[in-house]
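Examining the three-dimensional arrangement
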Amino acid sequence: MMPNGTWSLTATNRRVINVIVALLMLFALVVSPVGTPPAYAAPAANLDQCANGSATAPNNPCEWVNGNLGPSKSHYIEGYSVAYRAVLTDLPTDGSAVSVTFGYDIKHSGVTAIDFLTGYSNLEPHAGFGHSAESVQPLAGVGITDADGVSEIAIAQPSGLVAGAVTEFNALNGKISLFDDGSGSTLTGFSYPSQGSFAAANSETTFQVTFDSHSETVVVAWGGHIATAASWGDGNSAGGLSGSPYHMRLKDWNLGNLGQQDRSLKADAIFPTGTIIV
C-alpha cells in the first residue's frame, strides 16, 4: 500500500491477476455450453395435382395446385391420366431408406374411378380439344431441374383389372419417376400394401414407393389412369357420375408424423371419349 492509502500493483501482481482471469475464462468455456445447437426443420411432404386449365382456356404447361380440380381448372377424357407429384423436403442425405405410402380410389359409388397408375404424362390424343396436349413439368417451382438427377421404377400391374384395362396398362408401360438435385437418390421399391376390390361399391388401393435419400429435396411423380367405359362397360366408368370420384391421397411414411392429404377431381371435368371442342 502506498503512503496515501492507495494500492499499487507490481508487474508480478499484474501477471498473477492475468493468469487467474485466463484460468477463469477457460473454466467457463469448459463447464458452459458453447451455444444453442442449430434447429433443423422436420421432414415434410406435400401432394399436388396438375391443373391443365379448362377445355377452352388450357394451361400449358399445367399448373401444380394443392386444391381440388373441376371443369374450370382441368379437362380430361377417359383414358387420360391425372398427373400427381409429392414434393418431399428436409430429408436425410445419408442414404437412408425412405418409404412413402399413397392411396387412390379404384371404385366410387359403384363405378370404376382410377383403375391403375401410369407415368405422370398421359394426355394423348388431344386433338379433339382443338389444341395440343399440355406438358407436365414435375419440377416446376421446386428449384431443381430434370438434368440434375432422375430415377425410375416400373409400376406393377394391380390385381382385378378386366382384360381391356390390362391391355391399356401394358400399352402405357407406366413408371414412377423420382427427381433430386443430382445427389443420387434412387428408387428401390414399389409395392401395393393393400389392394381394393373392383367388386365393391367403394374401394381404395394403396401403393408404397421406397428410395435411398441423398438429397434434402426429392420429387416423386406419377399419374392416375381415368377408367374407360370401353374397358369396364357403359355405366361402369366414373365419367358419368356427379361429385368428385377421383381421389389420390398421401397417407403415411417412415419419417414420423405426416398427416394425410387428399386431392380430388370432379367427374364433370371428364369429357366422353371422342369429344370434339369447336
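Shown above is the structure to which this text applies.
The present account deals with the structure reproduced in this document. (Residues numbered from 1 in each chain as written. Predicted model: local features only at pLDDT ≥ 70, side-chain atom pairs only at ≥ 80, totals over all residues. Heavy atoms only, no water.)

Let us now look at the overall build of the protein chain. Secondary structure assignment for the protein chain yields three helices and 15 strands. The buried share of the protein chain, taken over its 278 residues, is 44%. Restricting to contacts in the protein chain with at least 6 residues of sequence separation, those with at least 24 account for 74%. Accessible surface, the protein chain as shown: approximately 13300 Å² in total, 56% of it carbon and sulfur. (Helix = DSSP H or I, 4+ residues; strand = E, 2+ residues; numbered from the N terminus. Buried < 20%, exposed > 50% of the residue type's maximum accessible area, 1.4 Å probe, protein only. Contact = heavy atoms within 4.5 Å. Areas by Shrake-Rupley, 256 points an atom, 1.4 Å probe, with all protein chains shown as cover.)

The next subject is a negative patch on the surface. A surface patch of negative charge is lined by Asp-90, Asp-146, Asp-148, Asp-181 and Glu-216. With respect to the element layout, Asp-146 can be found in the loop between strand E7 (114-118) and strand E8 (150-154). (Patch = residues over 30% accessible without salt bridge, like charges linked within 9 Å, V, L, I, M, F, W, Y side chains within 5 Å. Salt bridge = Lys/Arg side-chain N within 4 Å of Asp/Glu carboxyl O. Lys, Arg positive; Asp, Glu negative; His and termini not counted. Charge placed at Lys NZ, Arg CZ, Asp CG, Glu CD.)

Rolled over the atoms, a probe sized like a water molecule indicates the empty space that remains. A complete count under the given rule lists one cavity of 30 Å³ or more for this structure. Roughly 40 Å³ of internal volume is contained in the largest cavity. Elements with a contribution of two residues or more to the lining of the largest cavity: strand E1 (44-53) and strand E4 (81-89). Here the lining of the largest cavity is built from residues that sort into seven nonpolar, two polar and no charged. (1 Å grid on protein atoms, 1.4 Å probe; cavity = no way out; pocket = protein on both sides within 12 Å on 5 of 7 lines; lining within 4 Å. Points joined across faces, edges and corners; volume = space filled by probe spheres on them. Nonpolar A, V, L, I, M, F, W, Y, C, P; charged D, E, K, R; others polar.)

Once that is clear, we can look at the environment of Gln-195. Residue position: Gln-195 is located in the loop between strand E10 (186-194) and strand E11 (203-213). The exposure class assigned to Gln-195 is partly exposed, which follows from its relative accessible area of 35%. Separated by 37 residues in the primary sequence, Gln-195 and Pro-158 place their C-alpha atoms 7.5 Å from one another. The contact partners of Gln-195, leaving out residues within four places of it in the chain, are Pro-158, Ser-159, Glu-204 and Thr-205. Looking at Gln-195, its side chain comes within polar contact range of the main-chain nitrogen of Ser-159, at 2.8 Å. (Polar contact = N/O pair within 3.5 Å; in protein donor to acceptor, adjacent residues only side chain to side chain.)

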